[in-house]
Amino acid sequence: MPMPATAERIFSFEFFPPNTPEGREKLRATTLQLAQLGPKFFSVTYGAGGSTRDRTLETVLDIQGSGFEAAPHVSCIASTLAGIRDTLQRYRDHGIRHLVALRGDLPSGLATAGEFRYAYELVDFVRREFGAHFFIEVAAYPEYHPQARNALEDLRNFKRKVEAGADSAITQYFYNADCYFHFVDECAAMGIDVPIVPGIMPINRFSQLARFSDTCGAEIPRWIRNKLEAYGDDVDSVRAFGLDVVTDLCDRLLQGGAPGLHFYTLNQAGAASTIWQRLGL
Ligand code: FAD
């Protein structure tokens, strides 16, 4: 589904809520730096079960207070209807109009899933309780979600979120542009017509990336893994190679019609800014 020539591309940056005053201060500087690139919005993650509820709100208000659009993530696993309603009311009362609605993952040691099982139920709940107030993003998985029974069911489940009222989607990160294009084609064939914005994870440290990827089921292609492993502790080479790989990926995605890019920044401006400049955005 190539992007119409007149459509505006959507660029966004994702943060996690800092847990120290120093982290908060540093994130303010990062926000200002990345804001110069003119993103549509900044999103802020949310710990499953509401573990970062106050810090996510605090971070979102910091961003909004600096004059930028902020989109809090809301995950519904291990939550009650009343708790989610309360969180959403707080966002609405603070003038927030943009959400990333997720299921989340059950925190280890917690046995009960709460009153929501899947993200489409959260999307449905937001629409029933808050009408069109929020613009709703949902997650999509070009390499399919690791817990899905199979790829086709995962696609149907993605469609359920769109039918429940999602406006747009952001993907899990990946390093293989073909899987994204294939996924977008599959979605179009199923009548899914929301923008599917690729999630981009810059490469800074191999051990951290390998850990994330094992958890979320994102594949690091063998040639990239081998090269990163070969660099070992040579951080500069890892970063230089990572910038080449990810810039090339972004370039292919945009050339191929991706409607924008969403950067998982890990609260750092450096890699995303460099990729941005190299792309000439
Ligand atoms: P769902 O869409 O509910 O899907 C989860 C699984 O259930 C899939 O395998 C799907 O196929 C299956 N499924 C869905 N509906 C049904 C059904 N009716 N019957 C059977 N199976 C079904 N996590 C956080 O905790 N906090 C965050 O801030 C956060 N931000 C994220 C941002 C992005 C852009 C992405 C891509 C992920 C983020 N995550 C976050 C991770 C996310 O919560 C996990 O990937 C989680 O495992 C799935 O969430 P989901 O919203 O995609 O769930």
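Residues numbered from 1 in each chain as written. Predicted model: local features only at pLDDT ≥ 70, side-chain atom pairs only at ≥ 80, totals over all residues. Heavy atoms only, no water.

For the ligand, the set of nearby residues contains 24 residues, the closest of which are Tyr46, Asp105, Tyr141, Asp154 and Lys161. Separating an oxygen atom of the ligand from a backbone N or O atom of Arg103 is a distance of 2.8 Å. Separating an oxygen atom of the ligand from a side-chain N or O atom of His145 is a distance of 2.8 Å. Compared with its free state, where it exposes 980 Å², the ligand has 87% of that area covered by protein. More than half of the atoms of the ligand fall within 2 Å of the grid points belonging to the largest pocket. (Near = heavy atom within 4 Å. Polar contact = N/O pair within 3.5 Å; in protein donor to acceptor, adjacent residues only side chain to side chain. Areas by Shrake-Rupley, 256 points an atom, 1.4 Å probe, with all protein chains shown as cover. 1 Å grid on protein atoms, 1.4 Å probe; cavity = no way out; pocket = protein on both sides within 12 Å on 5 of 7 lines; lining within 4 Å. Sits in = over half its atoms within 2 Å of the grid points.)

Let us now look at the nonpolar core. Ranked by size, the top nonpolar core spans 90 residues in total, and within it Phe158 and Leu253 carry the most contacts. Among the elements that take part in this core, helix H9 (residues 235-255) stands out by supplying nine residues, more than any other. (Core = buried A, V, L, I, M, F, W, Y, C linked by side-chain atoms within 4.5 Å. Buried < 20%, exposed > 50% of the residue type's maximum accessible area, 1.4 Å probe, protein only. Helix = DSSP H or I, 4+ residues; strand = E, 2+ residues; numbered from the N terminus.)

Moving on, we get to the packing of helix H2 (residues 53-65) against helix H3 (residues 81-93). The contact between H2 and H3 brings their axes to 11 Å, and the two run at 15 degrees. When the axis of H2 is compared with that of H3, the two are roughly parallel. Considering the relative orientation of H2 and H3, their crossing is right-handed. Residues Arg53, Asp54, Thr56 and Leu57 of H2 touch H3, and the partners they reach there are Gly83, Asp86, Thr87, Arg90 and Tyr91. (Axes fitted to C-alpha atoms, helices over the stretch in contact; angles between N-to-C directions. Parallel < 35°, antiparallel > 145°, perpendicular 65-115°, else oblique. Left-handed = near helix turned anticlockwise from the far one by under 90°. Contact = heavy atoms within 4.5 Å.)

Let's shift gears to the pairing of strand E7 (residues 196-200). Most of E7 sits inside the fold, with five of its five residues counted as buried. Residues Ile196, Pro198 and Ile200 line one face of E7 and the alternating positions Val197 and Gly199 line the opposite face, and both faces are buried. In this view, the connection linking strand E6 (residues 168-173) to its parallel neighbour E7 by way of helix H6 (residues 177-189) has right-handed handedness. (Right-handed = clockwise from strand over helix to strand, strands pointing away.)

Bringing the layout of surface pockets into the picture now. When its volume is computed, the largest pocket comes out at roughly 1,600 Å³. If one sorts the elements of the lining of the largest pocket by residue count, helix H5 (residues 151-163) sits on top with six residues. For the lining of the largest pocket, the per-class residue count stands at 26 nonpolar, 13 polar and nine charged. (Points joined across faces, edges and corners; volume = space filled by probe spheres on them. Nonpolar A, V, L, I, M, F, W, Y, C, P; charged D, E, K, R; others polar.)

A few words now on the packing of H9 against helix H10 (residues 270-279). Where H9 contacts H10, the axes come no closer than 10 Å and their chain directions differ by 55 degrees. The angle between H9 and H10 falls in the class oblique. For H9 against H10, the interelement crossing comes out right-handed. Touching Leu243, Asp244, Val246, Thr247, Cys250, Asp251 and Leu254 of H9 are Ala271, Thr274, Ile275, Arg278 and Leu279, all from H10.

Spatial strand order, E1-E2-E3-E4-E5-E6-E7-E8: eight strands in a closed barrel with parallel pairing. Between one strand axis and the next, the sheet turns through 30 degrees on average, direction left out of account. The sheet contact formed by strand E1 (residues 10-15) and strand E2 (residues 41-44) spans four bridges and is parallel. Residue pairing in the sheet places Phe15 in a bridge with Val44 of E2. Along the sheet, H5 contacts strand E5 (135-140), E6 and E7; its crossing angle with E5, the most-contacted strand, is approximately 180 degrees. (Pairing = 2+ DSSP bridges.)

Another point: the environment of Thr31. Counting through the fold element by element, Thr31 comes out in helix H1 (residues 21-35). Here the alpha-carbon distance between Thr31 and His73, two residues 42 residues apart in the chain, equals 17 Å. Excluding residues that lie within four positions of it along the chain, Thr31 makes contacts with Phe15, Phe42, Ile63 and Phe68.

One can find Ser75 in strand E3 (residues 70-75). For Ser75, the contacting residues outside a window of four places in its chain are Tyr46, Gly47, Ala48, Gly49, Ile84, Leu102, Arg103 and Gly104.

In terms of burial, E3 is a largely internal element, six of the six residues being buried. Judged by which residues are buried, E3 turns out to be covered on both faces: Ala70, Pro72 and Val74 on one side and Ala71, His73 and Ser75 on the other are all buried. As paired elements, E2 and E3 share three bridges and run parallel to each other. For Phe42, the partnering residue across the bridge sits in E3 and is Ala70. Taken together, E2, H2 and E3 form a β-α-β motif whose crossover is right-handed. Of the strand pairs in this sheet, E3 and strand E4 (residues 98-102) are connected by three bridges, and their pairing is parallel. Paired with Val74 across the strands is Ala101, a residue of E4. With H3 bridging E3 and its parallel neighbour E4, the resulting β-α-β unit is right-handed.

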